[in-house]
Amino acid sequence: MRIEIKLDLGDTGVTPRSLCWNELRIEIIDQWYGADYRYVKVKDDVGGLYILRVDERSNEWALIMFVSARG
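Residues numbered from 1 in each chain as written. Predicted model: local features only at pLDDT ≥ 70, side-chain atom pairs only at ≥ 80, totals over all residues. Heavy atoms only, no water.

**Observations concerning the packing of aromatic side chains**
Taken as a whole and judged by the stated rule, the model has two aromatic pairs. Between Trp32 and Tyr39 the ring centres are 6.0 Å apart and the planes differ by 15°, which places this aromatic pair in the stacked class. Using a relative accessible area of 35% as the deciding quantity, one classes Trp32 as partly exposed. Arranged with centres 4.8 Å apart and planes meeting at 45°, the rings of Tyr50 and Phe66 form a pair that is tilted. Of this pair, Tyr50 sits in strand β5 (residues 49–55) while Phe66 is found in strand β6 (residues 60–67), placing the two residues 16 residues apart along the sequence. When the ring centre of Tyr37 is taken as origin, the NZ or CZ atom of Arg53, which lies over that ring, is 4.4 Å away. (Phe/Tyr/Trp six-rings, centres within 6.5 Å; stacked < 30°, edge-to-face > 60°. Buried < 20%, exposed > 50% of the residue type's maximum accessible area, 1.4 Å probe, protein only. Helix = DSSP H or I, 4+ residues; strand = E, 2+ residues; numbered from the N terminus. Lys NZ or Arg CZ within 6 Å of the ring centre and 35° of its normal.)

Written out as structure tokens, the structure reads:
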């Protein structure tokens, strides 16, 4: 699944503190670096948990894992 990230004006291209996706507010709660990618752990405002992979060279984001708060 491909994810499109839109940064606010004035952002320098670093990871945003939060973003919106399908009308959900998503907050970044952790991030770490792998061998070739950066990984970002985010939580939406209804409790869903996501792991995103960021290819900083091409500025592409991909969904790696999703856990629903609904069970």
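**What about the pattern of salt bridges?**
Counted according to the given criterion, the structure contains one salt bridge. With its nearest N and O atoms 2.6 Å apart, the salt bridge here joins Arg38 to Glu56. Within this pair, whereas Arg38 is found in strand β4 (residues 38–44), its partner Glu56 is found in the loop between β5 and β6, the two being separated by 18 residues in sequence. The buried category is assigned to Arg38, whose relative accessible area is 6%. (Salt bridge = Lys/Arg side-chain N within 4 Å of Asp/Glu carboxyl O.)

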